[in-house]
There are 2 protein chains.
Amino acid sequence: MDGRLDSENADSESRTARRRLPPKERRAQIVDEAVRFFAEVGLEGNTRQLAKRLGVTQSLLFNYFATKDELLEAVYEKVYLDRLSPDWPDRLTDRTTPLRSRLLAFYTEYSGLIFERDWMRIFMSSGLAGAVLNRRYLMHLGDVILRPVLAETEALAKGETRPTMEDIWNLHGGIVYIGIRTHIYGMPEPEDPETVIAQSIDKYLLYFGIGPED
Amino acid sequence: MDGRLDSENADSESRTARRRLPPKERRAQIVDEAVRFFAEVGLEGNTRQLAKRLGVTQSLLFNYFATKDELLEAVYEKVYLDRLSPDWPDRLTDRTTPLRSRLLAFYTEYSGLIFERDWMRIFMSSGLAGAVLNRRYLMHLGDVILRPVLAETEALAKGETRPTMEDIWNLHGGIVYIGIRTHIYGMPEPEDPETVIAQSIDKYLLYFGIGPED
DNA sequence: CTTTTTATAGATCATGTGATCAACAAAAGT
DNA sequence: ACTTTTGTTGATCACATGATCTATAAAAAG
């Protein structure tokens, strides 16, 4: 009475009976699905539903994470990790290329990473919930990205008004808001985000009298 | 054994016994507190805790709202209502004053209304939850505020690049992001939001070749 | 003062949800 | 083959939470 017909029974998750996985693998699988799941339904999503999606029992989750909060921590970590590429600080301060090009390259790549439903929604949810990782991420972003950008701008600014961190946050916010609009508020995505980003950067640079070629 | 010493028994809410209020009044009281409550703890906050804050029984809430969702709808309505002053469209299109002054006036007033913890958090929570009122609000904002701003900018723009709705959204987003940063992500508020707003507007106008006095 | 109305409290139900634990079975070791 | 290890299940607990219902008492009506 086994009936191991490993046909795909149309269930998105394979309903094969009791597959044993190495812990590392299973844990990763759980976290992966949890990211998608909690991004969709919010952090209050229940563990039974998540388990069902994974094709495992709910109790199994607690074999890998002592509490739901611990699972959420793992989700945050997975989502936040490697979102800030370590070579950006260097590339942003590489004065052999015009600042405009550097900013454009950065925000093109960065927006490619964060203008994503899962990331945007989990970041916002965890922010609302007051997760420490959220604040840590923003502090880190300020330190390794925005502050260098400020220094680079200062070095080139021509007008009498000197740039401040608020100016960088304003540039940053205007761009990030595109993602918020589309993925949190569910509004239609701009046809050409690249152009919008480029114009944001140009407005910023123009205000401090910095030309496209420095 | 009454001991009605109306000393503060550390309970924030007065524990006066069974006060009978006219329905309208009670309903308003509930919604008011619910706004604060759900803004703090999120939309999953439970009704018992809310009732405790109000100093009434949990069952009373269901005398005024059939379901929790109905209460949340009332919360949204309360929060969204009158957040968009009806005379803004007129003032934004009043060409007897420079566009810069108009924008400055608008965003100073508007930010004064929305850079508020309750509003910001409930707006974001309801946005994440996909509330219809949220989308309606943004559509409305686009129609009665941003679109007119686009028209005004078009009328004055000097460069060859014509402004689009995306430019207005970018201006708007950069400013709104200040509130998101402070009230959702819990980062320190800028010392002088007015200046940041003014600079945002100036960057925007400068990019389209519009001077401070038109 | 007496009666009627109804806002409110208190107890309780039904269900959902995080978490636990003993038993089972799929691998790994011998 | 046999034993050991351990990933996984199924049943279950404990409690939180939305919602219901009846009794009570504060006003209003007479």
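Predicted, not measured: the structure shown is a model, and the values here were computed from it. (Residues numbered from 1 in each chain as written. Chains lettered and ligands numbered in written order. Predicted model: local features only at pLDDT ≥ 70, side-chain atom pairs only at ≥ 80, totals over all residues. Heavy atoms only, no water.)

Caption draft 1: A look at the overall build of chain A. The secondary structure content of chain A amounts to ten helices and zero strands. The linear arrangement of helices and strands in chain A, starting from the amino end, is α-α-α-α-α-α-α-α-α-α. For 214 residues, the compact-globule formula gives about 17 Å, and the C-alpha radius of gyration of chain A, at 22 Å, lies well above that figure. Considered along the principal axes of its C-alpha atoms, chain A spans approximately 80 × 35 × 30 Å. The buried share among the 214 residues of chain A stands at 48%. Across chain A, contacts joining residues at least 24 apart in sequence account for 67% of those joining residues at least 6 apart. With an accessible surface of roughly 11100 Å², chain A has 50% of that area assigned to carbon and sulfur atoms. (Helix = DSSP H or I, 4+ residues; strand = E, 2+ residues; numbered from the N terminus. Rg over C-alpha atoms; globule rule 2.2 N^0.38 Å. Buried < 20%, exposed > 50% of the residue type's maximum accessible area, 1.4 Å probe, protein only. Contact = heavy atoms within 4.5 Å. Areas by Shrake-Rupley, 256 points an atom, 1.4 Å probe, with all protein chains shown as cover.)

Caption draft 2: Fine view of helix H7 (residues 117-128) of chain A. If you check H7 of chain A, its first and last C-alpha atoms are 16 Å apart, about what twelve residues at 1.5 Å a residue would give, namely 16 Å. By the criterion of burial, H7 of chain A is predominantly enclosed, with ten of the twelve residues buried. Taken together, the buried positions of H7 of chain A are occupied by Trp-119, Met-120, Arg-121, Ile-122, Phe-123, Met-124, Ser-125, Ser-126, Gly-127 and Leu-128 of chain A. At its buried positions, H7 of chain A is contacted by helix H1 (23-41), helix H4 (68-80), helix H6 (99-114), helix H8 (132-156) and helix H9 (165-183) of chain A together with helix H7 (117-128) of chain B. Positioned one or two residues after H7 of chain A, Gly-130 of chain A has a phi angle of 80°, which is positive. (Expected span 1.5 Å × (residues − 1).)

Caption draft 3: The arrangement of the packing of aromatic side chains in detail. All told, the structure shown has 36 aromatic pairs over all chains when counted by the stated rule. A ring pair is formed by Phe-37 of chain A and Phe-38 of chain A, whose centres lie 5.2 Å apart and whose planes are at 65°; its orientation type is edge-to-face. Given a relative accessible area of 0%, Phe-38 of chain A falls into the buried group. On the basis of an interplanar angle of 75° and a centroid distance of 5.1 Å, the ring pair of Phe-123 of chain A and Tyr-185 of chain B is categorised as edge-to-face. With Phe-123 of chain A in helix H7 and Tyr-185 of chain B in the loop between helix H9 (165-183) and helix H10 (193-207), the pair connects residues from two separate chains. (Phe/Tyr/Trp six-rings, centres within 6.5 Å; stacked < 30°, edge-to-face > 60°.)

Caption draft 4: Local environment of the domain arrangement of chain A. Residues and elements named next belong to chain A. Splitting chain A by domain gives domain 1 (23-80) and domain 2 (88-207). At the interface, twelve residues of domain 1 touch twelve residues of domain 2. On the domain 1 side of the contact with domain 2, Ala-39, Tyr-76 and Tyr-80 bury the most area, a combined 54% of that side's loss. Inspection of the domain 1/domain 2 interface yields zero salt bridges. Taken together, domain 1 and domain 2 are joined by three residue pairs in polar contact (both at pLDDT 80 or more). Those elements that place two or more of their residues in the side of domain 1 that touches domain 2 are H1 and H4. Examining the composition of the side of domain 1 that touches domain 2, we find that six residues originate from one element, H4, more than from any other. Class assignment of the residues belonging to the side of domain 1 that touches domain 2 gives a composition of eight nonpolar, no polar and four charged. (Domains from an automatic or database assignment. Buried area = accessible area lost by both parts, 1.4 Å probe. Salt bridge = Lys/Arg side-chain N within 4 Å of Asp/Glu carboxyl O. Polar contact = N/O pair within 3.5 Å; in protein donor to acceptor, adjacent residues only side chain to side chain. Nonpolar A, V, L, I, M, F, W, Y, C, P; charged D, E, K, R; others polar.)

Caption draft 5: Expanded view of the protein's contact with DNA strand D. Near DNA strand D lie 23 residues; those nearest to it are Arg-26, Asn-63 and Tyr-64 of chain A together with Asn-46 and Arg-48 of chain B. Protein-proximal atoms of DNA strand D, defined as those within 4 Å of the protein, fall in sugar or phosphate at a share of 58%. One of the backbone N or O atoms of Leu-21 of chain A is found 2.8 Å from a phosphate oxygen in DNA strand D. Side-chain polar atom of Gln-58 of chain B to a base nitrogen of DNA strand D: 2.8 Å apart, as the coordinates give it. If you list the elements that add at least two residues to the surface near DNA strand D, you get H1 and helix H3 (58-64) of chain A together with helix H2 (47-54) and helix H3 (58-64) of chain B. The dominant element in the surface near DNA strand D, judged by the number of residues it contributes, is H3 of chain A, at four residues. Across the surface near DNA strand D, the residue classes break down as six nonpolar, nine polar and eight charged. (Near = heavy atom within 4 Å.)

Caption draft 6: Main features of the relation of the copies chain A and chain B. Rotating chain A by 180° and translating it 0.0 Å along the rotation axis places it on chain B, where the RMSD comes to 0.1 Å. Taken together, these values place the two copies in the relation of a two-fold axis. Taking C-alpha positions as the reference, the residue of chain A nearest the rotation axis is Gly-174 of chain A, at 1.9 Å. In this assembly the copies share their binding face: 100% of the residues contributing to the interface of chain A also contribute to that of chain B. (Least-squares fit on C-alpha atoms with pLDDT ≥ 70 in both.)

Caption draft 7: How the structure looks around the packing of H9 of chain B against H10 of chain B. Residues and elements named next belong to chain B. Between H9 and H10, the shortest axis-to-axis distance is 10 Å and the interhelical angle comes to 165°. As judged from the angle between their axes, H9 and H10 are roughly antiparallel. The way H9 lies across H10 gives a crossing that is right-handed. Judged by residue contacts, Asp-167, Ile-168, Leu-171, Ile-175 and Ile-178 of H9 engage Val-196, Ile-197, Ser-200, Ile-201 and Tyr-204 from H10. Across the contact of H9 with H10, the residue classes tally to eight nonpolar, one polar and one charged. (Axes fitted to C-alpha atoms, helices over the stretch in contact; angles between N-to-C directions. Parallel < 35°, antiparallel > 145°, perpendicular 65-115°, else oblique. Left-handed = near helix turned anticlockwise from the far one by under 90°.)

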